[in-house]
Amino acid sequence: MATYRNFAIVAAIVIVAFYQTLVDLMGNWLKFDESQSHGLIIIALFIHLFTGQLKQLPSPPATLNWLALMGLSASSLVWCLAAMLNIEAIEQLILLPILFFLCWSLLGLRSTVTLTPSIALLIFAIPIWDYLTPTLIDASSYVVMTLIQLSSITAFIDGNSIYLPHGRIDIADGCSGLRYFIIAIALAYYLILTSKTTHLTKVKVLGIAIALGLFTNWLRIYIIIMVAHFTEMESSLVKDHELFGWFLFFIVCLPLVYFARSLPHYEPTTPSATSAGVTKLTLVVSVIALTSGPLLYQLMNTKVTPPNLSNWQQLGYQQLSSPTNGPFQLPPSNLNLRKQSGATLRDIALHWQNSQDDDLVPYIIHSLNRDYWTQLQTSTLQTPKQQSLQLNL
């Protein structure tokens, strides 16, 4: 009970110290129509695994582990640096090493090694998977285009766009199937952690999950296109297919759930009666190391001075109300400028911090705006000064 009480105290301190990062994560998890809407489920699975393993661990060491404390403090300071630079990906990712070193400092290395696979489950709740979106879109486009060609329906295929006799369907970012891909892998990983079986079987479970996650999205897009074709784009499924995707994912993943029931599971062991809790000194020093980064962040100067850009009119630029739908997909900008010199058109999008909480560097998943442009080929040219110039057509 003492260990549970100590971890409850530490969990409350973590929530307070890293409040802003956790709020940002919660905002992503509560967007149920996006790729991280499963985040709360991952947290629930983590708590179930973590608390179950916690009562089976041996007594923590009575002495301070300075190596773990240094790692904890260093990770906390890295979080501080990422927070000052507003790099959310590092802010969120560094929470995993922080949790690892925190467990090491409180419970010892042996117990932390036991808990590490459960800690790694949290990687599925952190929004770093969006970098897979372009690859998944290309894979979905290739497979779906092949299926359409085999279906002998009237359709014109142009990149990621399918032109049917009564309308057009685009395979955009929302059609990447990233959410099904992540959830399938996360469920397989959870089954692997809770199942007592061979490594080969675990690899099979993971492979089946990846295949089912990809297949679900490919089948979903194909069915939507066929429904659009035979209903002349009149079916409600063409415009609103969110619920249909989840229903299809549930049906496709039933074999994985059925297979998981046949796997032998770990039986919980009775905790040792002599198990002692964390010492007060270890708890206090670990909390100091944990909060070193957030405390430093609060002490730093958070005042932001906007840049002075009063001379852009003298350079011949005109201000635009919003970015143009050019070939590059730009994030929201503070100032959009345009200058035309003969046949050359220059568009500039400027971004800066209005407050310390704003991103220093805007997040761009991919530069090409797929809603308006399709990249056909890429060439490399050599300038007279032997410099390489990439040309996208």
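Residues numbered from 1 in each chain as written. Predicted model: local features only at pLDDT ≥ 70, side-chain atom pairs only at ≥ 80, totals over all residues. Heavy atoms only, no water.

### Considering the overall build of the chain
From N to C terminus, the chain includes 14 helices and eight strands. Expressed as a percentage of its 393 residues, the buried residues of the chain come to 38%. Partitioning the intrachain contacts of the chain with sequence separation of at least 6 by distance along the chain shows that 70% fall at a separation of at least 24. Surface accessibility of the chain: about 22700 Å² in total, with carbon and sulfur atoms responsible for 64%. (Helix = DSSP H or I, 4+ residues; strand = E, 2+ residues; numbered from the N terminus. Buried < 20%, exposed > 50% of the residue type's maximum accessible area, 1.4 Å probe, protein only. Contact = heavy atoms within 4.5 Å. Areas by Shrake-Rupley, 256 points an atom, 1.4 Å probe, with all protein chains shown as cover.)

### Overview of the confidence of the model for the chain
Here the chain averages 79 in pLDDT, while 76% of its residues score no lower than 70. Mean pLDDT per element in the chain: strand E8 (residues 388-392) is the minimum at 60, and helix H6 (residues 95-107) is the maximum at 93. (pLDDT = per-residue confidence, 0-100.)

### Regarding the sheet that holds strand E4 (residues 318-320)
The strand order across the open sheet formed by three strands is E4-E5-E6, and the pairing between neighbours is antiparallel. Edge strands, defined here as strands with exactly one partner in the open sheet, are E4 and strand E6 (344-350). Put simply, the sheet's adjacent strands are angled 30 degrees from each other on average, direction ignored. Pairing geometry for E4 and strand E5 (residues 335-341), over three bridges, is antiparallel. Its bridge partner being in E5, Gln318 is matched across the sheet by Arg338. (Pairing = 2+ DSSP bridges. Axes fitted to C-alpha atoms, helices over the stretch in contact; angles between N-to-C directions.)

### Comments concerning the packing of aromatic side chains
Summed over the entire model, instances satisfying the criterion amount to eleven aromatic pairs. Consider the rings of Trp79 and Tyr297, whose centres lie 5.8 Å apart with planes at 70 degrees: the pair is edge-to-face. Pair noted here: Trp79 is in helix H4 (residues 66-85) and Tyr297 is in helix H14 (residues 292-299), with a separation of 218 residues, a long-range link. For Tyr297, a relative accessible area of 12% puts it in the buried group. Each ring, one from Phe100 and one from Trp104, has its centre 6.1 Å from the other, and the planes form 65 degrees; the classification is edge-to-face. Here the residue Phe100 and the residue Trp104 both occupy positions in helix H6, the gap between them amounting to four residues, near one helical turn. Overall, Trp104 belongs to the buried group, its relative accessible area being 11%. (Phe/Tyr/Trp six-rings, centres within 6.5 Å; stacked < 30°, edge-to-face > 60°.)

### Considering the environment of Ala17
Inspection of the secondary structure puts Ala17 in helix H1 (residues 2-17). A sequence separation of 273 residues divides Ala17 from Leu290, and the C-alpha atoms of the two residues are 8.5 Å apart. Those residues in contact with Ala17 that lie beyond four places of it in its chain are Trp79, Thr291 and Pro294.

### A short note on the pairing of E6
Pairing between E5 and E6: seven bridges, direction antiparallel. The partner of Leu335 across the bridge, within E6, is Leu350. Counted along the chain from E5 to the antiparallel partner E6, the turn is two residues long, and its residue Gly342 has a positive phi close to 65 degrees.

### So, a nonpolar patch on the surface
On the surface, a nonpolar cluster with roughly 370 Å² of combined accessible area is contributed by Val78, Leu81, Leu85, Ile87 and Ile90. The element that contributes the greatest number of residues to the nonpolar patch is H4, accounting for three residues. Along the chain, the position of Leu85 falls in helix H4. Accessibility expressed as a relative area gives 34% for Leu85, which makes it partly exposed. (Patch = residues over 30% accessible without salt bridge, like charges linked within 9 Å, V, L, I, M, F, W, Y side chains within 5 Å. Salt bridge = Lys/Arg side-chain N within 4 Å of Asp/Glu carboxyl O.)

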